[in-house]
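# Structural features, examined
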Amino acid sequence: MGKKVWRAVVAGGAAAVFTGVAAGPAGAAEGGVSFTRVQVNGGKPIVIGVSEAAAPTSFRMATTRKWKWPAVFLYRGNTGDRLWHAIETSDCHEVSSGVCDFNETMYFDPTEWDMRNSEAGAWKVAAEVSFKGGGGDTDDKGLTTYIKRNSRLSVNAAPEPVSKGKTITVTGKVTRANWETKKYAFYGSRLVSLQFKPSGATSYTTVKKVHANGSGALRTTVKASKTGSWRWAYYGNTTTGPSSSAADNVVVR
């Protein structure tokens, strides 16, 4: 049966693969293996900040050949242009003779190896396995996974408390993970929603939408009507994950 193994999957051929085989073109295979039920991170984007992030992955492999090191990986262009990450794969959970289910975890960590900001965006999904005695099989699964940079929002609503009908000024800032500097940096010109939740309510309602300035700063004014919490919410894009700020409660008298 399979063993838990760690591998570093290479982006752009920048470093050597620790274990496994070099993959051929997408869809190329020596045959004898079928990969099905492939799922990466529950079908959701993988959002990475400036520390380690883990993404659960699962797949089924069917083969009558003797194998080692099955795994799902991410690539662009061709299967040799891979996103660098470490993976841990479970032992075979036998479904029937020659058929195994696997649980895999992909680990991404900008503090441990170089990640480029340009790596945010769409990645293709493939699966591979090595055969004992040499050779292997690589299968393009026709799936797309998005790798995104984490975003953050801050908020401040003032004055606190405030008289009913007076003006509340709500400020904040949008920042985004910079994988190359390993720090969060301002994310300018984003369209962000200002949301309000009255005391006793269970959900927020969008009051207005505001563009951050070039330095990611947010500022707007609203009339005080009810006691409750204010926050900013950003819905993300193809390279950046969504986020909401903490709540800032303002008492209206």
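Worth saying up front: this structure is predicted, and the values here are computed from it rather than measured.

### Examining the nonpolar core
- Within the largest apolar cluster, 36 residues are counted, with the highest numbers of intra-cluster contacts made by I46, I48, V72, L74, M106, F108 and I147.
- Residue assignment for this core shows that the elements contributing at least two residues are β2 (33-40), β3 (46-48), β4 (53-63), β5 (67-76), β7 (85-89), β9 (99-108) and β10 (121-131).
- Those residues within four positions of I46 in sequence are excluded, and the remaining contacts are V40, N41, A55, L74, F108, T145, Y146, I147 and K148.

### Quick notes on the confidence of the model for the protein chain
- Residues of the protein chain with pLDDT of at least 70 account for 88%, and the chain-wide mean is 89.
- Note on residues 1-6: pLDDT under 50 across the span, and 21 contacts to partners over four residues away in sequence or across chains.
- Scored below 50 in pLDDT, residues 8-30 makes 61 contacts in the model with residues more than four places away or belonging to other chains.

### Side note on the state of the cysteines
- Evaluated as defined, the whole model comprises one disulfide.
- A sulfur-sulfur separation of 2.0 Å characterises the disulfide bridge that pairs C92 with C100. Given an S-S torsion of about -85°, the disulfide between C92 and C100 has left-handed geometry. Take C92 and C100: they sit in the same class, and that class is buried.

### A look at the sheet that holds β3
- Taken in spatial order, the five strands of this open sheet run β3-β11-β10-β5-β6, and their pairing is mixed. Two strands bound the open sheet, and with one partner strand each, they are β3 and β6 (78-82). Going from strand to strand, the sheet's axes swing by 45° on average, the running direction of each strand aside.
- The pairing of β3 with strand β11 (residues 136-149) spans three bridges and is classified as parallel. If you follow V47 over to β11, its bridge partner there is K148.

### What to know about unusual backbone geometry
- Residue P159 follows A158 across a cis peptide bond; omega there is 5°.
- Looking at where P159 falls in the secondary structure, it is placed in the loop between β12 (151-158) and β13 (167-178).
- A cis geometry characterises the amide bond from E160 onward to P161, with omega recorded as -5°.
- Within the secondary structure, P161 is located in the loop between β12 and β13.
- In this model, K182 sits at a positive phi of 65°, which is unusual for a non-glycine residue.
- For K182, the position within the fold is in the loop between β13 and β14 (183-186).
- The partly exposed category is assigned to K182, whose relative accessible area is 31%.
- Backbone geometry at S189 places phi at a positive 65°, although glycine is not the residue there.
- Structurally, the position occupied by S189 is in the loop between β14 and β15 (191-198).

### As for the packing of aromatic side chains
- Taken as a whole and assessed by the stated rule, the structure comprises seven aromatic pairs.
- Taking the centre distance of 5.1 Å and the plane angle of 20° together, the rings of F59 and F102 count as stacked. Of this pair, F59 sits in strand β4 while F102 is found in strand β9, placing the two residues 43 residues apart along the sequence.
- For F59, a relative accessible area of 2% corresponds to the buried category.
- Ring-pair connections join several aromatic residues into one group, and the members of that group are F35, F59, W67 and F102.
- It is R82 that lies over the ring of F73; its NZ or CZ is 3.7 Å from the centre.
- Sitting over the ring of Y204, R231 keeps its end group 3.9 Å from the ring centre.

### Some points on the environment of W123
- By secondary structure assignment, the location of W123 is in strand β10.
- Spatially, the C-alpha atoms of W123 and F73 are 9.5 Å apart, while their sequence positions differ by 50 residues.
- The residues touching W123, leaving out its near neighbours within four places in the chain, are L74, Y75, R76, D81, R82, L83, L143, T144, T145 and I147.
- Of note is the side chain of W123, whose polar atom sits 2.7 Å from the backbone oxygen of E119.

Reading guide: rules and limits
Residues numbered from 1 in each chain as written. Predicted model: local features only at pLDDT ≥ 70, side-chain atom pairs only at ≥ 80, totals over all residues. Heavy atoms only, no water. Core = buried A, V, L, I, M, F, W, Y, C linked by side-chain atoms within 4.5 Å. Buried < 20%, exposed > 50% of the residue type's maximum accessible area, 1.4 Å probe, protein only. Helix = DSSP H or I, 4+ residues; strand = E, 2+ residues; numbered from the N terminus. Contact = heavy atoms within 4.5 Å. pLDDT = per-residue confidence, 0-100. Disulfide = S-S within 2.5 Å. Pairing = 2+ DSSP bridges. Axes fitted to C-alpha atoms, helices over the stretch in contact; angles between N-to-C directions. Phe/Tyr/Trp six-rings, centres within 6.5 Å; stacked < 30°, edge-to-face > 60°. Lys NZ or Arg CZ within 6 Å of the ring centre and 35° of its normal. Polar contact = N/O pair within 3.5 Å; in protein donor to acceptor, adjacent residues only side chain to side chain.

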